[in-house]
Amino acid sequence: MRIAIVGGGVAGLAAAYELELARRAGAAVEYALFESSPRLGGVISSRSTGGTVIEHGPDSFLTEKPAAIALCRELGLGESLVGSDDRQRKTFIVVGRRLVALPDGLMFLVPTRLMPTLLTRLFSPLTKLRMGMEWFHGRRSGAQDESVASFVRRHYGQAAVDRLADPLLSGIYGGDAEQLSVQSVLPAMVRLEAEYGSLTRGMLAARRRQRAAQAVQTQAARATTPPRTIFTTLRGGLQQLVDALIGQLDPECVHVSCAVKSMEHDASGWRLRFAERATERFDGIILATPAWAAAELVRDVHGPLSDELAGIRYSSSITVNFVFDEAKLPELPPGFGFLVPAVERRAMLACTFVHRKFPGRTASGQAVLRCFAGGARGEAMLGESDEAIALRLREELRQILGIVGEPLLTEVRRWTRSMAQYSVGHAARVGRIREQIDALPNLHVAGNAYDGIGIPDCIRLGRQAAERLAWPDGKPEGKPETELKTQPQARVEAVSRAK
Ligand SMILES: Cc1cc2nc3c(=O)[nH]c(=O)nc-3n(C[C@H](O)[C@H](O)[C@H](O)COP(=O)(O)OP(=O)(O)OC[C@H]3O[C@@H](n4cnc5c(N)ncnc54)[C@H](O)[C@@H]3O)c2cc1C
């Protein structure tokens with residue numbers, strides 16, 4: 001079976017890697033990966049300069065989602081995995097020109113400790129009373145999907161939307177709490193509401209269960225299991241993962257600067273059309289592009305599917321890495337960084353103190369402040385020059401943190417239409433997309449548009465799609481271990497040279 005993978009971000013690369021493993025294990029598959037841009041990795045891009053890692057896109061993945069860590073270990077990157085320094089994990093919220101710490105005991109949006117919630121300066125006394133009353137919220141299940149803002153408002157009031165939900169979600173999704181679907185973005189909260197009514201009561205019950213489970217864990221097991229950090233990354237930057245994946249692929253099978261223009265399907269299989277009218281035939285296709293690009297590709301094959309894919313909205317984001325001489329900075333508040341609520345009407349959405357979050361990746365004496373802008377409400381900024389963007393964000397850093405010194409280095413990156421927005425009704429839309437795709441032979445989609453925005457979910461979906469094509473009757477048990485090649489860098493260079 002000849003399989004084409006369209007899109008060379010992490011989802012497409014993970015799919016290609018799984019097909020490569022299947023081929024080595026004896027499955028009758030050949031594959032070809034097509035990436036429109038000159039480089040692989042999609043939004044993952046990092047570089048090291050003088051001992052400081054600069055992440056232009058994502059900087060880490062959630063430790064509790066296993067697919068990324070498992071893949072890194074498989075690729076021989078186990079030694080390079082590093083956890084976040086969670087002793088410093090405090091997040092601040094911008095209020096006017098001040099930073100106010102999120103109260104201790106806040107579990108995502110849910111306050112679980114009385115005193116810190118009573119003492120925080122983030123909320124007015126009236127809002128605190130409103131939040132306390134949430135304890136008596138009634139159960140609600142089988143309800144229609146609704147926006148995160150409406151869900152949070154029902155439980156904790158508008159101030160919790162403005163000061164918590166909105167900044168947290170624009171930090172993760174570049175999204176708008178009034179648009180994002182609670183069922184897709186906060187499914188655990190929806191389950192808590194169905195079971196307990198009150199999220200606070202539900203969260204406390206979940207924590208009690210977790211503690212009881214920990215108590216029965218044997219002393220020995222506790223001694224051998226290191227505490228899990230919230231985030232994990234790679235010492236040399238996430239580009240290491242991209243390079244290691246490329247290193248496993250056959251350079252002849254990877255085509256960069258090679259956009260797929262359209263697709264056709266007939267009784268003999270699939271045909272991909274490239275620029276200058278060239279076409280190629282395949283038996284199976286994995287579309288690992290953003291959904292809007294997949295929508296264009298399937299337009300002539302299945303109109304309703306194309307419309308559903310096109311209906312998934314995207315936001316764009318801008319990252320700006322500022323490297324400073326730490327000695328010339330005012331003292332930064334103790335934490336990972338801060339979030340900026342939309343009600344503050346600033347250009348910046350969030351700022352991470354990278355040297356605190358992952359201390360081993362910044363040269364001694366330097367501080368890296370990674371700022372985010374753009375998002376669902378800041379598209380217009382994408383049209384500004386790098387200099388103008390950096391200047392605006394530096395002015396906001398001056399107002400919020402008192403930073404006046406010149407950075408040693410500034411790097412601006414734009415990621416246009418890169419973050420899928422799981423809007424209200426997203427789960428139902430993805431259900432329809434899956435049904436329509438299942439009716440087309442050997443077609444799969446993967447990437448951040450469907451079932452998880454983060455890197456681990458993209459890897460999981462890419463590998464699953466490849467596995468289903470390579471092993472249609474199920475992956476054989478006890479499949480022979482495939483030997484990993486040991487010189488990934490040589491292969492990365494071969495892929496680059498071949499194009
Ligand atoms: C700024 C930023 C910060 C983030 N931070 C984190 C984080 O810290 N942790 C985390 O887990 N996630 C984070 N994410 C999300 C995560 O990085 C992405 O969801 C994930 O990397 C997307 O991978 P992908 O392969 O689905 O898509 P992409 O990386 O977008 O790759 C899709 C590829 O398809 C190609 N393509 C499009 N059309 C065609 C065509 N017609 N023919 C051929 N190729 C085509 C594109 O050029 C692109 O390379 C972040 C995202 C951004 C933008």
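Residues numbered from 1 in each chain as written. Predicted model: local features only at pLDDT ≥ 70, side-chain atom pairs only at ≥ 80, totals over all residues.

### A word on the overall build of the protein chain
In terms of helices and strands, the protein chain carries 18 helices and 22 strands. Taking 499 residues into account, the globule formula puts the C-alpha radius of gyration at 23 Å, and the protein chain, at 24 Å, falls close to it. In terms of its C-alpha atoms, the protein chain occupies a principal-axis envelope of roughly 70 × 55 × 55 Å. Per-residue burial for the protein chain yields a buried fraction of 45% across its 499 residues. The long-range share in the protein chain, meaning contacts at least 24 apart out of those at least 6 apart in sequence, stands at 74%. (Helix = DSSP H or I, 4+ residues; strand = E, 2+ residues; numbered from the N terminus. Rg over C-alpha atoms; globule rule 2.2 N^0.38 Å. Buried ≥ 20, exposed ≤ 12 C-beta atoms within 10 Å, placed from the backbone. Contact = placed C-beta atoms within 7 Å.)

### Here we look at the domain arrangement of the protein chain
When the parts come together, some accessible area is lost, and that loss is often what is quoted as the size of the interface. Each domain of the protein chain was delimited in the assignment, giving domain 1 (2-44 + 238-313 + 422-498), domain 2 (106-216) and domain 3 (314-420). A separation of 32 Å is found between the C-alpha centroids of domain 1 and domain 3. On the domain 3 side, the residues contacting the 10 residues of domain 1 number six residues. Residue composition of the side of domain 1 that touches domain 3, by class: eight nonpolar, one polar and one charged. (Domains from an automatic or database assignment. Nonpolar A, V, L, I, M, F, W, Y, C, P; charged D, E, K, R; others polar.)

### Quick look at the sheet that holds strand E5 (residues 61-62)
Judged by pairing direction, the sheet is antiparallel, and its three strands sit side by side in the order E5-E11-E6 without closing on themselves. In this open sheet, the two strands that pair with only one neighbour each are E5 and strand E6 (81-83). As judged from the three bridges shared by E6 and strand E11 (residues 231-234), these two strands associate in the antiparallel manner. When the bridges of E11 are listed, Val 82 appears paired with Thr 233. (Pairing = 2+ DSSP bridges.)

### Focus on the site of the ligand
Near the ligand lie 36 residues; those nearest to it are Gly 7, Gly 9, Gly 42, Pro 58 and Gly 447. Across the shell around the ligand, the residue classes break down as 18 nonpolar, 16 polar and two charged. The residue makeup of the shell around the ligand includes at least three contributed by each of domain 1 (2-44 + 238-313 + 422-498) and domain 3 (314-420). (Near = placed C-beta within 6 Å.)

### What to know about the sheet that holds strand E19 (residues 348-353)
Sheet architecture is open: seven strands sit in the order E8-E7-E18-E19-E20-E17-E21, paired in mixed fashion. The open sheet has two free edges, formed respectively by strand E8 (98-101) and strand E21 (409-420), since each of these has just one partner strand. Strand-to-strand, the axes of this sheet are offset by a mean angle of 25°, without reference to chain direction. Taken together, the four bridges between strand E7 (residues 91-95) and E8 define a ladder with antiparallel strand orientation. (Axes fitted to C-alpha atoms, helices over the stretch in contact; angles between N-to-C directions.)

### Some remarks on the packing of helix H8 (residues 187-196) against helix H9 (residues 199-216)
Taken N-terminus to C-terminus, the directions of H8 and H9 make an angle of 100°; their axes are 8 Å apart at the nearest point. By the criterion of interaxial angle, the relationship of H8 to H9 is roughly perpendicular. Of the residues in H9, those touching H8 at Met 189, Leu 192, Glu 193, Glu 195 and Tyr 196 are Leu 199, Arg 201, Gly 202, Met 203 and Ala 205. By residue class, the composition of the contact of H8 with H9 is six nonpolar, one polar and three charged. (Parallel < 35°, antiparallel > 145°, perpendicular 65-115°, else oblique.)

### Considerations on the environment of Gln 179
Note on placement: Gln 179 falls in the loop between helix H6 (158-173) and helix H7 (182-185). Distance from Gln 179 to Arg 277, taken between C-alpha atoms, is 40 Å for residues 98 residues apart in sequence. Beyond its immediate sequence surroundings of up to four residues, Gln 179 is in contact with Ser 147, Ala 376, Gln 421 and Ser 423.

### Considering unusual backbone geometry
The backbone of Ser 257 sits at a positive phi, close to 50°, despite the residue not being glycine. With respect to the helices and strands, the residue Ser 257 is situated in the loop between strand E12 (254-255) and strand E13 (260-266). For Ser 257, a count of 12 C-beta atoms within 10 Å gives the class exposed. The backbone phi angle of Arg 417 is positive, close to 45°, even though this residue is not glycine. Mapped onto the elements of the fold, Arg 417 is located in strand E21.

### Digging into the packing of helix H1 (residues 10-24) against helix H11 (residues 239-248)
In a pair of packed helices, the angle between the axes and the distance between the axes together describe the arrangement. Between H1 and H11, whose axes approach to 9 Å, the crossing angle comes to 35°. You can see that H1 and H11 cross each other, and the crossing is left-handed. In contact with Leu 13, Ala 14, Tyr 17 and Glu 20 of H1, H11 contributes Val 242, Leu 245, Ile 246 and Gln 248. A class-by-class count of the residues in the contact of H1 with H11 yields six nonpolar, one polar and one charged. (Left-handed = near helix turned anticlockwise from the far one by under 90°.)

### A look at the pairing of strand E4 (residues 52-55)
The two faces of E4 match: Thr 52 and Ile 54 on one face and Val 53 and Glu 55 on the other face are all buried. Where strand E3 (residues 46-49) meets E4, four bridges bridge the pair, whose relative direction is antiparallel. Residue Arg 47 lies in a different strand from E4, and its bridge partner there is Ile 54. Linking E3 back to E4 in an antiparallel pair, the connection comprises two residues, with Gly 50 at a positive phi of about 55°.

### Considerations on H9
With 18 residues, H9 ought to run about 26 Å at 1.5 Å a step, and its terminal C-alpha atoms sit 26 Å apart, in line with that. Looking only at H9, the buried set comprises Leu 199, Thr 200, Gly 202 and Met 203. End-on, the buried residues of H9 take up no more than an arc of 160°, which puts them together on one face. The exposed set on the far side of H9, more than 90 degrees from its buried face, consists of Arg 208, Arg 209, Arg 211, Ala 212, Ala 215 and Val 216. (Expected span 1.5 Å × (residues − 1). Arc of directions from axis to C-beta.)

### Some details on H1
Taking 1.5 Å per residue as the helical rise, H1 with its 15 residues ought to reach 21 Å, and the 21 Å between its terminal C-alpha atoms agrees with that figure. Directly beyond the C-terminal end of H1, a positive phi value near 105° is found at Gly 26.

### What about the nonpolar core?
Within the largest apolar cluster, 135 residues are counted, with the highest numbers of intra-cluster contacts made by Ile 5, Ala 15, Val 148, Ala 165 and Ile 286. Of the residues forming this core, the biggest block, 10 residues, is contributed by H1. In this view, Ala 15 contacts Ile 5, Ile 286, Ala 288, Ala 446, Gly 462, Arg 463, Ala 465 and Ala 466; residues no more than four positions away in its chain are not counted. (Core = buried A, V, L, I, M, F, W, Y, C linked by C-beta atoms within 7 Å.)

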